[in-house]
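# Structural description and commentary
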Amino acid sequence: MCGIVGYIGKQKTVDILLDGLKELEYRGYDSAGIALLNCEKISVYKALGKLSNLEEKIQHSNLCASYDLGIGHTRWATHGKPTELNAHPHLGEYSYVVHNGIIENYKELKEELLSHGHKFVSQTDTEVIVHLFEYYQNQFNDCTQAFQSTIKRLEGAYSILLISKACPHSIYFFKHGSPLIVARGNNENEVLFASSDAPLIGLCSEVVYLEDGFGGVASKEGIVFFNEALVSWSSLPTSKQFAQKEGFRFFMEKEIYEQSNVVSDTMLGRIFDNSIAFDELNASLMEGIREIKICACGTSYHAGLTASYLFERLAKVKCSVEIASEFRYKEPLLSNDTLFIVISQSGETADTLEALKMAKKNGLKSIVVCNVDNSSMTRVADYAILTRAGIEKGVASTKAFSTQVVVLWMLALYFAKYKKSIDTQTLQNEIHALREVPSALLVTNSVHERTKRLSKRYLHGHGFFFIGRDVFFPLALEGALKLKEISYLHAEGYPAGEMKHGPIALADPELFTIALMPQNLLYDKIKSNVEELSARDSTICAISPLSFELADDFIPTNLKNHYMLEFFEMLVVLQLFSMEISVRLGNDVDMPRNLAKSVTVE
Ligand code: AGP
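Residues numbered from 1 in each chain as written. Predicted model: local features only at pLDDT ≥ 70, side-chain atom pairs only at ≥ 80, totals over all residues. Heavy atoms only, no water.

## Observations concerning the packing of helix α8 (residues 298–314) against helix α16 (residues 472–487)
- Contact pair α8 / α16: the axes reach a minimum separation of 8 Å and the direction vectors enclose 170 degrees. When the interaxial angle is binned, α8 and α16 end up roughly antiparallel. Contacts between α8 and α16 pair Gly 298, Thr 299, His 302, Leu 305, Thr 306 and Tyr 309 from the former with Phe 473, Pro 474, Leu 477, Glu 478, Leu 481 and Lys 482 from the latter.
- A breakdown of the residues in the contact of α8 with α16 according to their chemical character gives six nonpolar, four polar and two charged. (Axes fitted to C-alpha atoms, helices over the stretch in contact; angles between N-to-C directions. Helix = DSSP H or I, 4+ residues; strand = E, 2+ residues; numbered from the N terminus. Parallel < 35°, antiparallel > 145°, perpendicular 65-115°, else oblique. Contact = heavy atoms within 4.5 Å. Nonpolar A, V, L, I, M, F, W, Y, C, P; charged D, E, K, R; others polar.)

Shown next, in the form of structure tokens:
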């Protein structure tokens, strides 16, 4: 998730912009930049890495004191590696733009603009925006008309700030899909922009949280909205910490709620009506591949286990999954007809990184599914697919997991199409289901309230079993891990069909069983497993779209037409359930004891 700031007014523009970007650092970034406009002079500064690198560059420049306006950006790489050239703002001949989101049709726009003689210097999708604006400005000699014509051509998600020497007193803005806020400053003739509240706190009191399709132009004279009548002003939170959590109690809670949005970013530019595309790959990598081996740790391992069902079911490729710390020392038999996939939110987990290096040394092709560009694993693997979840601050991984599973589901379909292992109708059905994942991940008040109420009844027992079948077995493992990590209560994920092979001996009212009972996959099987437990007086909490009278507690989910949509909806329930139990136990939800966000040591 990138960060955006903008300023018009009499204060020192460069200070306002840099302070604003510092408030956005928590979102994670790999480069940053600002552009300043003073009458007809534009100055731009960009730097790789931390904001301090940008500040140093500015301090060593002969920056003139006052600039009328400026825009700034922290970049989280989606298209194009983290480099200074790819950092925002992006320049045309006489204009600059900063952008958050993904321009899905950037390739065709770039081709068109190249044919009109525009020169591109970066690998980003963003750069097409500023060249398109200047293409129209050169035609119309009217910045507003040029900006509106530009916006009409863009597809995807974009929040944009654009400045130009052609209209040196204005900042053009537009919001579609990615957040953008505009505000009148506390001082006279002052306007501010930001992609979230934190940079604005203390500088203004009223803001407009722009809706999709909202845009306009700001100057010292004020703000002109293209759709004035629909604009509504809101008051601003007063605490920055509150703002960084965007009103949620914990980063984990915020990240659970973010899942619905971030999986849309994960799919942007990759999902089409009859196909899946990964800019990062070429399907020929599957030439000669007879097996896929997945390797990861913790939650990422659970994503890998989930993917193994999808790779075999859809791509008809044999797939095995390894825990990295085991794989490294088991003297594995590896052959170069195996595609090695590592999964890691951080891209720095020592065991997974070493496993990847082992595979490389044995001549295997490798892919990393990762959330942090430019991390160690993205530099070692042959191919890197970014999950685009944005920075994940909660130690207990949530949105990283859901975006990993979405990427792996897309990858299974990508390989299935290449291998022609499924027919067109099946592919379309799967893609249709993928498009429903954001709504399956939506957190409803009723579900959150229900898990909150329910959590008080599950604080004191001698343990939990989370049970499921097929992909709901790795989901059960993930639910158990979430609970262990942040409540410190003992929990075990188990294949439902295995309970009768020993664990059912534990069944008693103090043993809480969380049963994942999807309607679209082996329902009758899981139902009979749960009946066996209920008959032995285990306390059952059933999560299902179908009512189950033997359950002591029941969390209803919505009827879905695909088991993976039930998977994601149940995932949210499990995440909220563990969080609310942790809250009741008074634990530190975001930084649970003994744990680190990234285990970079053995
Ligand atoms: C998940 O909630 C945990 N924080 C932990 O299991 C984590 O998934 C594991 O350490 C792997 O981390 P990675 O995804 O960054 O490699």
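Here the narrative resumes, following the displayed structure.
## Here we look at α16
- With 16 residues, α16 should cover 22 Å at 1.5 Å per step; its first-to-last C-alpha distance of 22 Å lies within 8% of that length.
- With respect to burial, α16 is a largely interior element, 15 of its 16 residues being buried.
- The positive-phi residue at the C-terminal boundary of α16 is Tyr 488, with phi of around 65 degrees. (Expected span 1.5 Å × (residues − 1). Buried < 20%, exposed > 50% of the residue type's maximum accessible area, 1.4 Å probe, protein only.)

## With respect to the side chain of Arg 75
- Within the secondary structure, Arg 75 sits in strand β4 (residues 69–75).
- Although Arg 75 lies buried, it forms no salt bridge, and the closest oppositely charged side chain, Asp 30, sits 4.3 Å away as judged by the N-O distance.
- With residues near it in sequence (within four places) discarded, Arg 75 still touches Cys 2, Tyr 29, Asp 30, Ser 31, Gly 80, Lys 81, Pro 82, Thr 83, Asn 86, Ala 87, His 88 and Thr 124. (Lys, Arg positive; Asp, Glu negative; His and termini not counted. Salt bridge = Lys/Arg side-chain N within 4 Å of Asp/Glu carboxyl O.)

## Notes on the state of the cysteines
- Considering all chains together, one arrives at one disulfide under this definition.
- Summary of cysteine pairing: Cys 297 is not part of a disulfide, and the nearest cysteine sulfur, belonging to Cys 295, is at 7.0 Å.
- You can call Cys 297 partly exposed: its relative accessible area is 22%. (Disulfide = S-S within 2.5 Å.)

## Observations regarding a positive patch on the surface
- The grouping of Arg 450, Arg 453, Lys 456 and Arg 584 at the surface amounts to a positive patch.
- Along the chain, the position of Arg 450 falls in helix α15 (residues 445–455).
- For Arg 450, a relative accessible area of 32% gives the class partly exposed. (Patch = residues over 30% accessible without salt bridge, like charges linked within 9 Å, V, L, I, M, F, W, Y side chains within 5 Å. Areas by Shrake-Rupley, 256 points an atom, 1.4 Å probe, with all protein chains shown as cover. Charge placed at Lys NZ, Arg CZ, Asp CG, Glu CD.)

## Here's the deal with the packing of aromatic side chains
- Taken as a whole and assessed by the stated rule, the structure comprises 22 aromatic pairs.
- An angle of 35 degrees between the planes, with centres 6.3 Å apart, marks the rings of Tyr 458 and Phe 464 as tilted.
- Both rings, one in Tyr 458 and one in Phe 577, keep their centres 5.6 Å apart while their planes meet at 70 degrees; by these two values the pair is edge-to-face. With a gap of 119 residues between them, Tyr 458 in the loop between α15 and β22 (464–468) and Phe 577 in helix α18 (residues 563–584) connect regions that are remote in the sequence.
- Put simply, the rings of Tyr 458, Phe 464, Phe 466, Phe 512 and Phe 577 touch in pairs and so form one group of aromatic residues.
- Directly above the aromatic system of Trp 233 lies the positively charged group of Arg 184, at a separation of 3.9 Å from the ring centroid.
- Here the basic side chain of Lys 393 rests over the ring of Phe 251, its NZ or CZ set 5.1 Å away from the ring centre. (Phe/Tyr/Trp six-rings, centres within 6.5 Å; stacked < 30°, edge-to-face > 60°. Lys NZ or Arg CZ within 6 Å of the ring centre and 35° of its normal.)

## Looking at the site of the ligand
- Lining the immediate environment of the ligand, one finds 14 residues, of which Ser 300, Ser 344, Ser 346, Thr 349 and Glu 485 sit closest.
- Within the backbone of Thr 299, an N or O atom sits 3.1 Å from an oxygen atom of the ligand.
- For the shell around the ligand, the secondary structure elements donating two or more residues are α8 and α16.
- Split by residue class, the shell around the ligand holds four nonpolar, eight polar and two charged. (Near = heavy atom within 4 Å. Polar contact = N/O pair within 3.5 Å; in protein donor to acceptor, adjacent residues only side chain to side chain.)

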